[in-house]
Amino acid sequence: MALTDVFISPTGAGDQSGSSVANALPAILASKSGDDWSSNIKNLTRADRRFIFLEGTYNVQSELVFTTSDPTITDPNIWVGAKSDGTLLEPQFDETGMHLVTDNYPKIINSANTNLIDTAAVEVFKCIYFENTNSSRNGALINATFNEAKNVTFIGCYGEMIPNGANAIVFVCFGGTVMMCEAVMNGTNYGKIIHAGGTNQSAVINCRVYGGGKSGSSDGRGVNLGTQNDSVVETLIYNVHGPAIYDDVSNNRNSNMINCTVISIGGDGHDTSDETSDQRGTTIHGNIFFDIDGDGVKANANDDDIVIASFNAFGDIGGSNFVNLDSYESMATLGNKTVSESDFVDFANQDFRIRRSSPLYKGIGGTRNFGAIQN
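Everything quoted here is computed from the prediction, not taken from an experiment.

(A) Structural detail: the sheet that holds strand β8 (residues 106–110). Spatially, 11 strands are ordered β6-β8-β10-β12-β15-β18-β21-β24-β27-β30-β32 in an open sheet, and the strand pairing comes out parallel. Unpaired on one side and paired on the other, β6 (56–60) and β32 (337–338) mark the two borders of the sheet. Bridge count for strand β10 (residues 129–132) against strand β12 (residues 158–161) is 4 bridges, and the pairing is parallel. For Y129, the partnering residue across the bridge sits in β12 and is Y158.

Now the structure itself:
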């Protein structure tokens, strides 16, 4: 099934039907009081449609609420960014691997204390820049209502907000995926930066997650995992005041933390201490834990709390590398190494690529670096 393309720009072009770049539909209605979403986009059919947002700045002052029926898994809605000539964008990190290249992204910037989009389940967003500039925001950047954020996927998206409370979240995916995205909290009062939970499997893959500092208000978690089978893979988490990764459900846990880099963390590296599962538990492999004020990996004191760890690098840990691994601790030291500032290309300037002279370079089986960035 081929999706019908609808081309969208801030001001529109041609006959504004959305049939082509030359006839782009206008997303923004200019008024004396400022720009905001136009009725043209609010009335769009979403089912079986691919919205191609052309590069430019989309300044809005409210949540985008569609007047038409929601898409479905058989008739989806996909948003994708494109250059001004209609060339579809693919996500790309800069040379350091630290930041997305967003030069040609369509930039949707909300100045109101609201969600950005009234999303529907199963929607996909690719190569879109989302930002909220309101300093009173104590809620999600885009949408956190369970039935509307369920199975939503973000690919190569940039998200940034000024948080002001425990409910502040950049990306929410309940049973969905956040892949190759950059999530930025421009402040230190927030609950979590990415919430990957729900009653289904969620995944955070090859992302860059940035907090505002090692001290702050509210929970300050980097990635918050939910009910079961959630994974964080090849993801950098930097400068958060709570745990980098937090498992917040007490049973039926089967989470994974694979080849991640967590640096400058005010809490623990991976806090799975609420977990008392007698299932497979948590697997922690190939990660870098550095400059952690708390513990590297914290498990529950219950002996049934299964945490399997191998090939991890630890350095400048305020507490212990491992806490409460019990009978599994004897296996957790397999392949472990020590990490210091000299292992990174330019730690002082936040270039966390591994130097090729470091034992962490291709230190896992002779093929993979420790951590998230494979230079």
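(B) Representation of the sheet that holds strand β17 (residues 203–205). With parallel pairing, the 12 strands of this open sheet are ordered in space as β2-β1-β5-β7-β9-β11-β14-β17-β20-β23-β26-β29. The two strands at the open ends of the sheet, each matched to only one other strand, are β2 (25–26) and β29 (307–310). Sheet topology places strand β11 (residues 153–155) next to strand β14 (residues 177–179); 3 bridges connect them, and they run parallel. If you follow T153 over to β14, its bridge partner there is T177.

(C) Layout of unusual backbone geometry. The phi dihedral of C127 is positive, around 55°, even though this residue is not glycine. With respect to the helices and strands, the residue C127 is situated in the loop between β9 (124–126) and β10. Positive phi, normally seen in glycine, also occurs at N324, with a value near 65°. Exposure remark for N324: the relative accessible area of 31% places this residue in the partly exposed category.

(D) Looking closely at the pairing of strand β26 (residues 282–285). Two strands pair when backbone bridges link them, and strand β23 (residues 256–258) and β26 are joined in this way by 3 bridges, in the parallel orientation. In the strand pairing of β26, N256 is matched with T283. Pairing analysis gives 4 bridges linking β26 to β29, with the strands arranged parallel. Across the sheet, residue T282 finds its bridge partner in β29, namely V307.

(E) A look at the pattern of salt bridges. Taken as a whole and judged by the stated rule, the model has 11 salt bridges. Residue D293 pairs with K214 through a salt bridge whose shortest N-O separation is 2.8 Å. Of this pair, D293 sits in the loop between β27 (288–292) and β28 (297–299) while K214 sits in the loop between β18 (208–210) and β19 (221–225), and the two are 79 residues apart along the sequence. Accessibility expressed as a relative area gives 27% for K214, which makes it partly exposed. Several salt bridges converge on common partners, so that one network encompasses R46, D70 and E123.

(F) Inspection of the environment of V223 at higher detail. In this structure, V223 sits in strand β19. On the basis of relative accessible area, V223 is assigned to the buried category, the value being 0%. Along the backbone, V223 and T235 are 12 residues apart, and their C-alpha atoms lie at a distance of 9.8 Å. If we skip the residues at most four places from it in the chain, V223 touches I194, V204, V209, V232, I237, A244, I245 and Y246.

Analysis parameters
- Residues numbered from 1 in each chain as written.
- Predicted model: local features only at pLDDT ≥ 70, side-chain atom pairs only at ≥ 80, totals over all residues.
- Heavy atoms only, no water.
- Pairing = 2+ DSSP bridges.
- Helix = DSSP H or I, 4+ residues; strand = E, 2+ residues; numbered from the N terminus.
- Buried < 20%, exposed > 50% of the residue type's maximum accessible area, 1.4 Å probe, protein only.
- Salt bridge = Lys/Arg side-chain N within 4 Å of Asp/Glu carboxyl O.
- Contact = heavy atoms within 4.5 Å.

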